[in-house]
Amino acid sequence: MTKKIIAIAIIIFNCQFSIVNSLNAQPMAGSSPRIVSLSECVSTMRKENIKAANARNNVQMAEEFQKYARTKYYPTVSARAFHFEANDYLLRKDLFSPDVSQAIEEINREYDLGLDTSINVLKRGSSADIGLVQPLYTGGRIHNVNKLADLQVEGMKLLQDTNDDILVLEAELLYFTLVKLHGKQQNLLAADAEVASILKDARNLATEGIVNSNDALTAELALDQLNAQRVRLDNGIRLLRRAMAKAMGCAGEDLDVDTTLLTTPVVAPENLWVNVESAVDNSNENRLLELNVERTQLQTKLAKANYLPILALGGNVGISRYLSKANTKGVAFATVVMPISTFWSERHLVRRSKLSEQMALDQRRDKREMLDLNIRDAYDNLSAAYQQVAIARKSIAKADENLRIKHEEYINGVTNMTILLDARQQQQTAHDNLSDALCDYHHARTKYLIATGRKEQTY
């Protein structure tokens, strides 16, 4: 009986231990999310996002083609082997000269001796050979294809870096939007406390007969509106948190942002300014435009190569055995292929390539002008965001003071509830505007640094 009790106790203990482990392995409802910094969000998204993985694969694909193109400089080597077995001899070989064979045939007809003047041969046989061809001149085809492969690798790396810029901006947009919403959430809590204080004063003043009892009802309606805003805001925050976790490759993980980012000091735009022309010259987009021009120029050279001859040297060594013994033979050769009909057909492709080359030059000039405009626009946006921060900070001081005055006037019976609640709304709007302005400034700063090729200075 004692053993049974001990066994039951062990089973119960093990069950409890399993339940505790299961609970510890899963996030508890209402548990605090993991706070990620802006730099962690950006760096993780740059590594784990599917766009980053695709960009890395594109670079590797271009590098593999580059290695393939280099092999065309080397000789082409081929080997063959052949063997056959026949159910009967394929050939008969005469043993004597025609005169002797004819005489033997006459003797066979006269005396019926059955003498045979030939033998059966070639019922089976084998052969093997190895050949080598080394191109000496191909009109620049191999050289230009290798240069195109090099351009493709460089272009894919530039596109990877450009895609990385986009991921940085996308990560920041998610992050700062969440920061904005958290700022509004904190402002709602402060507004809720302010309206609750107003409601308390309204009830006390109504009891004393100083104000109308409807003022308390108006304040209660204002509280209800704040609660409705908070519900919508909380739902938006949860949605964005899930979106951020998905973009970071952490789908299902409970993540949130560091709201202390709003306390980061802002830097005057003139301290970040760089020369626009040099920024355009050093940008990835400008280098991609130059690569596009080089690509069309190489394609024109490849089209012209169809006019030019091809010269190659080669050799072949083989061994065969079809009759009595094996034979070994070697051959060396040179070949020249001179295209003729291409002189009047391929010239149209050359003209087509020339037109494509001119289009690439025109596109480079047009896009450079657009890059110049984009950089200037990014700087103007940064300057405007910096000024908005200064304006929002001044507005907060004014809104706070205005609310304080209107609150005192209401208590003294000088103003009414509507004016007081309007002042409270202005205060909330001023605080929301500061949160938005700070987030917009930091995002505009990153955009300008990326546009001027200084992404490494962002984090």
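Quick notes on the rules
Residues numbered from 1 in each chain as written. Predicted model: local features only at pLDDT ≥ 70, side-chain atom pairs only at ≥ 80, totals over all residues. Heavy atoms only, no water. Pairing = 2+ DSSP bridges. Helix = DSSP H or I, 4+ residues; strand = E, 2+ residues; numbered from the N terminus. Axes fitted to C-alpha atoms, helices over the stretch in contact; angles between N-to-C directions. Phe/Tyr/Trp six-rings, centres within 6.5 Å; stacked < 30°, edge-to-face > 60°. Buried < 20%, exposed > 50% of the residue type's maximum accessible area, 1.4 Å probe, protein only. pLDDT = per-residue confidence, 0-100. Contact = heavy atoms within 4.5 Å. Parallel < 35°, antiparallel > 145°, perpendicular 65-115°, else oblique. Nonpolar A, V, L, I, M, F, W, Y, C, P; charged D, E, K, R; others polar. Polar contact = N/O pair within 3.5 Å; in protein donor to acceptor, adjacent residues only side chain to side chain. Patch = residues over 30% accessible without salt bridge, like charges linked within 9 Å, V, L, I, M, F, W, Y side chains within 5 Å. Areas by Shrake-Rupley, 256 points an atom, 1.4 Å probe, with all protein chains shown as cover. Salt bridge = Lys/Arg side-chain N within 4 Å of Asp/Glu carboxyl O. Lys, Arg positive; Asp, Glu negative; His and termini not counted. Charge placed at Lys NZ, Arg CZ, Asp CG, Glu CD.

### Observations concerning the sheet that holds strand 8 (residues 327–337)
Argument step 1. Spatially, four strands are ordered 2-5-7-8 in an open sheet, and the strand pairing comes out antiparallel. Only two strands of the sheet have a single neighbouring strand rather than two, namely strand 2 (76–85) and strand 8. This sheet shows a mean twist of 15 degrees between the axes of neighbouring strands, independent of strand direction.
Argument step 2. Strand direction decides the pairing type here: strand 5 (residues 124–137) and strand 7 (residues 310–321), joined by 11 bridges, are antiparallel. Considered in strand 7, the bridge of P135 is made with A312.

### Notes on the packing of aromatic side chains
We describe a pair of aromatic rings using the distance from one ring centre to the other and the angle between the two ring planes.
Argument step 1. Across all of its chains, the model carries four aromatic pairs by this definition.
Argument step 2. Each ring, one from Y386 and one from Y441, has its centre 6.2 Å from the other, and the planes form 50 degrees; the classification is tilted. Pair noted here: Y386 is in helix 10 (residues 347–411) and Y441 is in helix 11 (residues 417–451), with a separation of 55 residues, a long-range link.
Argument step 3. Residue classification places Y386 among the partly exposed positions, given a relative accessible area of 29%.

### Quick look at the confidence of the model for the protein
Argument step 1. Chain-level pLDDT for the protein is 84 on average; 86% of the residues reach the 70-or-more range.
Argument step 2. Every residue in residues 1–29 scores below 50 in pLDDT, and together they form zero contacts with partners more than four places removed in sequence or on other chains.

### Focus: the packing of helix 3 (residues 50–70) against helix 5 (residues 141–207)
Argument step 1. Their axes nearest at 9 Å, the elements helix 3 and helix 5 cross at an angle of 170 degrees. Classified by the angle their axes make, helix 3 and helix 5 are roughly antiparallel. The segment helix 3 lies against helix 5, with K51, A52, A55, R56, N58, V59, A62, E63, F65, Q66, A69 and R70 engaging V145, N146, A149, D150, Q152, V153, M156, K157, Q160, N163, L167 and E170.
Argument step 2. Its residues assigned to classes, the contact of helix 3 with helix 5 comprises 11 nonpolar, six polar and seven charged.

### Details of the environment of N49
Argument step 1. Tracing the backbone through its elements, the reader meets N49 in the loop between helix 2 (38–48) and helix 3.
Argument step 2. Here the alpha-carbon distance between N49 and C250, two residues 201 residues apart in the chain, equals 9.8 Å.
Argument step 3. With residues near it in sequence (within four places) discarded, N49 still touches T44, L167 and A247.
Argument step 4. Among the polar contacts listed, one links the side chain of N49 to the backbone nitrogen of K51, at a separation of 2.9 Å.

### What to know about the pairing of strand 5
Argument step 1. Two strands pair when backbone bridges link them, and strand 2 and strand 5 are joined in this way by 10 bridges, in the antiparallel orientation. Residue pairing across strands places H83 opposite S126, the latter belonging to strand 5.

### Some thoughts on the side chain of D256
Argument step 1. Structurally, the position occupied by D256 is in strand 6 (residues 255–257).
Argument step 2. Given the relative accessible area of 7%, D256 is considered buried.
Argument step 3. Within the structure, D256 has its side chain in polar contact with the side chain of H182 (distance 2.8 Å).
Argument step 4. Setting aside residues no more than four positions away along its own chain, D256 makes contact with P33, R34, I35, V36, H182, R241 and M244.

### Considerations on a positive patch on the surface
Argument step 1. A cluster of basic side chains, namely K147, K301, K304 and K354, defines a positive patch on the protein surface.
Argument step 2. Position of K354 among the secondary structure elements: in helix 10.
Argument step 3. Residue classification places K354 among the partly exposed residues on the basis of a relative accessible area of 42%.

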